[in-house]
Structures are given as C-alpha cells and as structure tokens.
Amino acid sequence: MAILGLSSPRPVTFAEAREVIDADGHGEPGDREHLSRVFVSPEVDGWTLVMGAWCDPCGERHAEVLRSCQELSDRYGAAQAYYFGAQDDGSAWLVAENGQVIRRYAATGEPDDASLALGTPLPCERVKLLELGLPADGDLRAASAEQVEEWTVAAFELAPEVAAFGVTPFTLGGDTKVRGTGLLAVTPDGAGPC
C-alpha cells in the first residue's frame, strides 16, 4: 500500500469489494470517481491482488501503472496489471519482472492500442497467434486483413488466459491459500473516505 500511495484502508470481504469495484468501474466517461478506490486482497497463493479501474494498464493512467508495476516487480520479483471488459470491451495486460517490463499489450479497439505495445508476445499470445496462422513474434505486417481481424477478436478475450500466468480472480477457489485480510483503500488521486 505504501508503494502505491494508498490510504484510508478498511477491511472488506471479496464479495463486498467486488460490488464496490464493479460499481466504481462503470462510472461515466470523464468521471474520475471510478479511480478513487481499489481492493487490496489478502495474500492469495503468494500474490496480492490490487483491483479497480485505477490499475488499468491501458487507461488514462497507463504510464503510472507501468511505473508502479516496474517498482513493485523490482521489490517483489513480479507484478502484473490487467484490464478485461467482460462485456466485449477488450483486454490489456502488463507483465513486469525484476523491475523490467516483459510485455504490455492492449486490444480494446481504441486508436492508441498499438502505441501501448511493449516487449514480445508472451507464450499464450504466441500459441494463439500460431493457431491463427500468424507469426509467433506478433509481426502482422504481412498478414491479411482477415487474419488481423481474427487476431483482434482473439486478443479482445485473451486477458484472463494471460493472467493465468499468475493468480487471477477467475482462478480463486476453495483450495486457494489465503493469508490476511482484504482492504478497500483510497488511491492517491481519490477523494474522501472509502
């Protein structure tokens, strides 16, 4: 919480956090209220999840999220950030290890998606590219318009699969090792209490 500058923590359950973060994540465009809170999970299978729109690796805070992931990975060995629009809004991922960005990719249909790409495709990206008959390195310059469209559609849904590289909310279950208490916290640019 200190590295991210989070404050005013209060204990919450996963269920309570999901409701709050889901409501915050569906704020109106331009309404910064949705960036004011995050859920900091208890330790789950050795990872701590920080969830909320404030953590979006391709949103308006993408540069800050990148720096935070680098700093967290420098301290803890690895850090990741994801966006997944479960209503066909696309996917984005950022994976950092030992202070270095391994990969950032956005497939959200926004004009600046391509400018956010860093690093080379991760193993699950390479598998999907090869399945579509595309080069594993992600170089789509020689691909047909149809192949590019197939990749775009596949990448829109890929964040949960990429996230399986670590621990995700989608994989938590009865056998997940949990240690500690989850907290709802205010982000540095947030206002007021949780």
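Scroll up to find the structure.
(A) Summary view of the environment of Ala23. Inspection of the secondary structure puts Ala23 in helix H1 (residues 14-25). In this structure Ala23 comes out as exposed when scored by relative accessible area, which is 54%. In the structure, Ala23 is positioned 29 residues away from Gly52 in sequence and 9.9 Å away in space, judged by C-alpha atoms.

(B) Spatial organisation of the sheet that holds strand E8 (residues 118-119). Ordered by their spatial adjacency, 4 strands build an open sheet running E5-E6-E7-E8, and the pairing between neighbours is antiparallel. One side of each edge strand has no neighbouring strand; the edge strands of this open sheet are strand E5 (78-85) and E8. Where helix H2 (residues 62-76) meets the sheet, its contacts fall on E5, strand E6 (90-97), strand E7 (100-107) and E8, and the angle it forms with E5 comes to roughly 145°.

(C) Representation of the pattern of salt bridges. Enumeration according to the criterion identifies 4 salt bridges in this entry. Among the salt bridges present, the one from Arg103 reaches Glu125, with a minimum N-O distance of 2.8 Å. Linking Arg103 in strand E7 with Glu125 in helix H4 (residues 123-131), this pair joins segments that are 22 residues apart in sequence. Classification of Glu125 by relative accessible area gives buried; the value is 0%. Across the pair Arg141 and Asp139 runs a salt bridge, and its minimum N-O distance is 2.6 Å.

(D) Representation of the packing of aromatic side chains. In total, this model carries 3 aromatic pairs according to the counting rule given. Note on Phe14 and Phe39: the rings are 5.3 Å apart at their centroids and 70° apart in plane angle, and the pair reads as edge-to-face. Taken together, the residues span a long stretch of sequence, with Phe14 in helix H1 and Phe39 in strand E2 (residues 37-40) at a distance of 25 residues. With 6.1 Å between their ring centres and 65° between their planes, Tyr105 and Trp151 make a pair best called edge-to-face. One end of the pair, Tyr105, is in strand E7; the other, Trp151, is in helix H5 (residues 145-156), and 46 residues separate them in sequence. An identical accessibility class is assigned to Tyr105 and Trp151; each is buried. Members of the aromatic cluster, joined through ring pairs, are Trp93, Tyr105 and Trp151.

(E) Quick peek at the sheet that holds strand E10 (residues 183-186). Strand order in this open sheet of 4 strands is E1-E10-E2-E4, and the pairing throughout is antiparallel. The outermost strands of the open sheet, each flanked by one partner alone, are strand E1 (7-11) and strand E4 (50-51).

(F) Representation of unusual backbone geometry. Phi is positive for Asp45, which is not a glycine, with a value near 50°. Along the chain, Asp45 falls in the loop between strand E3 (43-44) and E4. Despite not being glycine, Asn98 shows a phi value in the positive range, around 50°. You can see Asn98 is positioned in the loop between E6 and E7. Using a relative accessible area of 56% as the deciding quantity, one classes Asn98 as exposed.

(G) A look at the state of the cysteines. Counted under the stated rule, the structure contains 0 disulfides. In this structure Cys55 is not part of a disulfide, and its nearest cysteine sulfur, from Cys69, lies 8.3 Å away. No disulfide involves Cys124; its nearest neighbouring cysteine sulfur is the one of Cys69, lying 16 Å away. The class for Cys124 is buried, based on a relative accessible area of 18%.

Criteria and cut-off values
- Residues numbered from 1 in each chain as written.
- Predicted model: local features only at pLDDT ≥ 70, side-chain atom pairs only at ≥ 80, totals over all residues.
- Heavy atoms only, no water.
- Helix = DSSP H or I, 4+ residues; strand = E, 2+ residues; numbered from the N terminus.
- Buried < 20%, exposed > 50% of the residue type's maximum accessible area, 1.4 Å probe, protein only.
- Pairing = 2+ DSSP bridges.
- Contact = heavy atoms within 4.5 Å.
- Axes fitted to C-alpha atoms, helices over the stretch in contact; angles between N-to-C directions.
- Salt bridge = Lys/Arg side-chain N within 4 Å of Asp/Glu carboxyl O.
- Phe/Tyr/Trp six-rings, centres within 6.5 Å; stacked < 30°, edge-to-face > 60°.
- Disulfide = S-S within 2.5 Å.

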